Amino acid sequence: MVSFDKFKIWVLCICLVSELGYGFYLPGSYPHKYGVGDYLNVKVNSLTSIDTELPYSYYSLPFCKPEEGVKDSAENLGELLMGDRIENSPYRFKMYTNETEVFLCQTKPLSADEFKLLKERIDEMYQVNLILDNLPAIRYTKKENYFLRWTGYPVGIKVQDAYYVFNHLKFTVLVHKFEETNVARVMGTGDGSEVISTVGNEGSDAPGYMVVGFEVVPCSFQHTPDSSKNLKMYNKLPSPIKCDPTSVSMAIKENEPVSFTYEVNFVESDIKWPSRWDAYLKMEGAKVHWFSILNSLMVITFLAGIVLVIFLRTIRRDLARYDELDKEAQAQMNEELSGWKLVVGDVFRAPSNPGLLCAMVGDGVQILGMAVVTIMFAALGFMSPASRGTLITGMLFFYMILGVAAGYVSVRLWRTIFCGDHKGWVGVAWKAACFFPGLSFLILTVLNFLLWGSHSTGAIPFSLFVVLILLWFCISVPLTLIGGYLGAKAPHIEYPVRTNQIPREIPAQKYPSWLLVLGAGTLPFGTLFIELFFIMSSLWMGRVYYVFGFLLIVMILLVVVCAEVSLVLTYMHLCVEDWKWWWKSFFASGSVAIYIFLYSINYLIFDLKSLSGPVSTTLYLGYSLFMVLAIMFATGTVGFLSSFWFVHYLFSSVKFD
């Protein structure tokens, strides 16, 4: 019976992990019930391209504008930082009412600048991103008997020397019957939802529908000059429109207008509201993803296990042999010490630049804690892609709150290095509060000037810059100083051995010690390089990343491997009487960042072949550098803290005279 209960628990755990692999979906708002004939308003997001990675406003091109004027939707901090600019659009539908040949507008004759800009955006493969009821428009294309899914549709296409714009859109809205008519009616999803009770209201029993899918087929259709004469927005065109996505006919020319039209078809679907994001979250390659991640986990776990077993056996045998000797033999052995026992009087000597090391370790704890907490919440579905910007907003929030941990760890390490001395703890706390944020601010400011110069919506507005600085100095810095104060009050870690006044000379080494340190990053890199490909693809290729459960497992494995690699390197250095282990233990695991940066360059050359222009390349390398610095701080901290614990445990296990 007991074994059966254990079996059930194991089955439950396996099911939970498999669900976390894809991530739960907790939408955060109720489904929006629309009655037949209710208006559905389509919104537009920034124009995006994998060719330049520079987002631009939808209305930067000569598109039709809504009658009531262009209005921004409610945006959170994460959306602004990601370059999203969500605005209203002239596209609007009536629930469950099919419409064809709907006229939107005819633009003014294209000026030379507008014509040139439109051609540039078509050459750069810009996509138009539409949103209906918080669902991005999805487009299906067929290639070699396979259906490919894309979000958005291209602005236009170049055929030979002519440029064609997609001026007619064929929409398909998938709807599902609302199942709980008398519970609640929700006005708006994603943008300040309001729940309004409908119990007892007149007409509350009328059938309603929920939007569960939004598909678009772009077409290039040449309208006759007379077909749109005297027509107003939303009027029906007198002549039929045949939408054929395989052919194009609306060529853009200077000093000639462009007419925009659309049609919409509503289709009842079996897709239920909680599953409506499945088409976006479960893109192609899921089986490859599963196989690659599991294969990586098995191989790295096996290698890490071998390293750990060999390492523990070596240390235990060394300590056991020493403990078995009597006092006389121990005294004689102390005179003939070799290896790591010779550096007993120097192993805890203060490293060079101790303040910088303390600040970097504190910042690493802050970054690692932020990453773990954010990924855990994301794996549980609290940061779903349905709520745009929540992932970045959550990361900023957790990073600021964990400033307490950064201040505490950095100051307590500072006091430990100087044997409990309180002097200078405020300066260390300030370094921890400003070092990594200062580097990040410098990189992002330089990149932002490039975005400003390109008039991209990816540029952070000046007002948001002020907000970020206020968040830094009014929340993050005070919390870090509070953590530093707590670290100054906490007891320091006492060393198990005394440090000699005169430092011991380090013997000449056969090979540079930094060579081993740099090579140590290969094993941690092996734990994440497969996952790194999917993350890079989501960042730069416009794909949706939602396997946060796998990412959490990979991160845990990365922490374990970083700790083991740093322990092994520290022990090797001590065995050759090199007592300067502090910085080397940090960079032994932190060197994985070098390989990640090299992989980023490889990804730029071989996977982002279409990325064009010095601005786009500089942005890519700048953001990659920012990511690599954060990873170096986090992994280096894991390596240093594990090595510190190991050295403290090792020398406290042996009694020295």
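Here the structure is a predicted model, which means the values were calculated and not measured.

Here's the deal with the overall build of the protein
In step 1: A tally of regular secondary structure across the protein gives 17 helices and 17 strands.
In step 2: Burial analysis of the protein (657 residues in total) assigns 49% to the buried set.
In step 3: The contacts of the protein with a sequence gap of at least 6 include a subset with a gap of at least 24, amounting to 83%.

Describing the nonpolar core
In step 1: Judged by nonpolar contacts, the single largest core of 142 residues is most densely connected at Phe-93, Leu-130, Phe-171, Phe-214 and Phe-651.
In step 2: Among the nonpolar cores identified, the runner-up in size contains five residues, and Leu-77, Ile-460, Leu-464 and Phe-465 belong to it.

Let's talk about helix α9 (residues 403-417)
In step 1: Between the first and last C-alpha of α9 there are 21 Å, a value that for 15 residues agrees with the 21 Å anticipated at 1.5 Å per step.
In step 2: Burial within α9 is extensive, with eleven of its 15 residues counted as buried.
In step 3: At its buried positions, α9 is contacted by α7 (354-379), α8 (390-401), α10 (425-453), α11 (462-489), α15 (582-590) and α17 (614-652).
In step 4: Where α9 ends, the next residue or the one after it, Cys-419, has phi of about 55°, a positive value.

A look at empty space enclosed by the protein
In step 1: Going through the model one piece at a time under the given rule, you end up with one cavity of 30 Å³ or more.
In step 2: In this structure, the largest cavity encloses a volume near 40 Å³.
In step 3: Along the walls of the largest cavity sit Pro-62, Phe-63, Thr-107, Leu-110, Leu-118, Val-165, Val-258 and Phe-260, which together make up its complete lining.
In step 4: A per-class count over the lining of the largest cavity returns seven nonpolar, one polar and no charged.

Notes on the packing of α9 against α10
In step 1: Packing of α9 against α10 leaves a shortest axis separation of 9 Å and a crossing angle of 140°. Viewed along their axes, α9 and α10 adopt a mutual orientation that is oblique. Crossing hand, α9 versus α10: right-handed. Facing Ala-406, Ser-410, Val-411 and Trp-414 of α9, the residues of α10 in contact are Trp-425, Val-428, Ala-429 and Ala-432.
In step 2: In the contact of α9 with α10, the residues fall into seven nonpolar, one polar and no charged.

A closer look at the pairing of strand β3 (residues 87-94)
In step 1: Where burial is concerned, most of β3 is hidden: six out of the eight residues are buried.
In step 2: Across five bridges, strand β2 (residues 39-44) lies against β3 in antiparallel orientation. From the neighbouring strand, Lys-43 faces β3, where its bridge partner is Asn-88.

Details of the packing of aromatic side chains
In step 1: Counted under the stated rule, the structure contains 48 aromatic pairs.
In step 2: Residues Phe-377 and Phe-382 carry aromatic rings whose centres are separated by 5.8 Å and whose planes lie at 65° to one another, so their mutual orientation is edge-to-face.
In step 3: Taking relative accessible area as the criterion, Phe-377 reaches 35% and is therefore assigned partly exposed.
In step 4: Members of the aromatic cluster, joined through ring pairs, are Phe-441, Phe-449, Trp-452, Phe-465, Trp-472 and Phe-473.

Side note on the sheet that holds strand β6 (residues 130-132)
Think of a sheet as strands paired side by side through backbone hydrogen bonds, with each pair either parallel or antiparallel.
In step 1: Spatial ordering of the open sheet is given by β3-β2-β6-β7, a layout of four strands whose pairing is antiparallel. Pairing within the sheet leaves two strands with one partner each, and these edge strands are β3 and β7 (135-136).
In step 2: Sheet topology places β6 next to β7; two bridges connect them, and they run antiparallel. Each residue of the ladder has a partner; that of Leu-132, found in β7, is Leu-135.

Topic: the state of the cysteines
In step 1: In total, this model carries two disulfides according to the counting rule given.
In step 2: Between Cys-64 and Cys-105 runs a disulfide, and the two sulfur atoms are separated by 1.9 Å. Between Cys-64 and Cys-105, the disulfide has an S-S torsion of -90° and is therefore left-handed. Highlighted residues: Cys-64 in the loop between β2 and α2 (77-82) and Cys-105 in strand β4 (residues 99-106), separated in sequence by 41 residues.

Some points on the pairing of β2
The side chains of a regular strand alternate between the sheet's two faces.
In step 1: Going residue by residue along β2, you find Leu-40, Val-42 and Val-44 tucked away on one face and Tyr-39, Asn-41 and Lys-43 left uncovered on the opposite face.
In step 2: As paired strands, β2 and β6 are joined by three bridges and run antiparallel to one another. Among the inter-strand pairings, Lys-43 is bridged to a residue of β6, identified as Ile-131.

Description of the pattern of salt bridges
In step 1: Applying the stated criterion to the full structure yields six salt bridges.
In step 2: One salt bridge in this structure joins Arg-276 and Asp-133, with 2.9 Å as the shortest N-O distance. In this pair, Arg-276 is assigned in the loop between β17 (259-268) and α4 (278-281) and Asp-133 in the loop between β6 and β7, connecting sequence segments 143 residues apart. Across the pair, exposure class does not vary: Arg-276 and Asp-133 are buried alike.

Observations regarding the confidence of the model for the protein
Atomic detail in the predicted coordinates should be set aside for any region of low pLDDT.
In step 1: Residues of the protein with pLDDT of at least 70 account for 84%, and the chain-wide mean is 83.
In step 2: In the predicted structure, residues 1-28 sits below a pLDDT of 50 and forms 35 contacts with residues beyond four places in sequence or in another chain.
In step 3: Across residues 181-204, where pLDDT falls below 50, the model places 47 contacts with residues more than four positions away in sequence or in other chains.

Side note on the environment of Phe-221
In step 1: Here Phe-221 is to be found in the loop between β16 (208-219) and β17.
In step 2: Distance in space between the C-alpha atoms of Phe-221 and His-168 is 6.4 Å, their sequence separation being 53 residues.
In step 3: Among residues more than four places away in sequence, those in contact with Phe-221 are Asn-167, His-168, Pro-240, Ile-241, Lys-242, Ser-249 and Met-250.

A short note on a nonpolar patch on the surface
In step 1: On the surface, Phe-449, Trp-452, Phe-462, Val-466 and Leu-470 cluster together to form a nonpolar patch covering roughly 530 Å² of accessible area.
In step 2: Sorting the residues of the nonpolar patch by element identifies α10 and α11 as the ones contributing at least two each.
In step 3: A total of three residues in the nonpolar patch trace back to one element, the largest contributor, which is α11.
In step 4: Inspection of the secondary structure puts Phe-462 in helix α11.
In step 5: According to the relative accessible area criterion, Phe-462 is exposed, its value standing at 62%.

Structural notes on the side chain of Arg-415
In step 1: Relative to the helices and strands, Arg-415 is located in helix α9.
In step 2: Judged by its relative accessible area of 5%, Arg-415 is buried.
In step 3: Apart from the residues lying within four places of it in its own chain, the contact partners of Arg-415 are Gly-420, Asp-421, His-422, Gly-487, Ala-488, Lys-489, Ala-490, Pro-491 and His-492.

A look at the environment of Ser-456
In step 1: Counting through the fold element by element, Ser-456 comes out in the loop between α10 and α11.
In step 2: Residues Ser-456 and Glu-53, 403 residues apart in the sequence, show an inter-C-alpha distance of 9.8 Å.
In step 3: A distance of 3.0 Å separates a polar side-chain atom of Ser-456 from the backbone nitrogen of Gly-458.

Things to note about the side chain of Ser-259
In step 1: By the secondary structure assignment, Ser-259 is in strand β17.
In step 2: A polar atom in the side chain of Ser-259 sits 3.2 Å from the side chain of Gln-106.
In step 3: Residues contacting Ser-259, with those up to four places away along its chain left out, are Cys-105, Gln-106, Asn-167, His-223 and Ser-228.

What counts and what doesn't
- Residues numbered from 1 in each chain as written.
- Predicted model: local features only at pLDDT ≥ 70, side-chain atom pairs only at ≥ 80, totals over all residues.
- Heavy atoms only, no water.
- Helix = DSSP H or I, 4+ residues; strand = E, 2+ residues; numbered from the N terminus.
- Buried < 20%, exposed > 50% of the residue type's maximum accessible area, 1.4 Å probe, protein only.
- Contact = heavy atoms within 4.5 Å.
- Core = buried A, V, L, I, M, F, W, Y, C linked by side-chain atoms within 4.5 Å.
- Expected span 1.5 Å × (residues − 1).
- 1 Å grid on protein atoms, 1.4 Å probe; cavity = no way out; pocket = protein on both sides within 12 Å on 5 of 7 lines; lining within 4 Å.
- Points joined across faces, edges and corners; volume = space filled by probe spheres on them.
- Nonpolar A, V, L, I, M, F, W, Y, C, P; charged D, E, K, R; others polar.
- Axes fitted to C-alpha atoms, helices over the stretch in contact; angles between N-to-C directions.
- Parallel < 35°, antiparallel > 145°, perpendicular 65-115°, else oblique.
- Left-handed = near helix turned anticlockwise from the far one by under 90°.
- Pairing = 2+ DSSP bridges.
- Phe/Tyr/Trp six-rings, centres within 6.5 Å; stacked < 30°, edge-to-face > 60°.
- Disulfide = S-S within 2.5 Å.
- Salt bridge = Lys/Arg side-chain N within 4 Å of Asp/Glu carboxyl O.
- pLDDT = per-residue confidence, 0-100.
- Patch = residues over 30% accessible without salt bridge, like charges linked within 9 Å, V, L, I, M, F, W, Y side chains within 5 Å.
- Areas by Shrake-Rupley, 256 points an atom, 1.4 Å probe, with all protein chains shown as cover.
- Polar contact = N/O pair within 3.5 Å; in protein donor to acceptor, adjacent residues only side chain to side chain.

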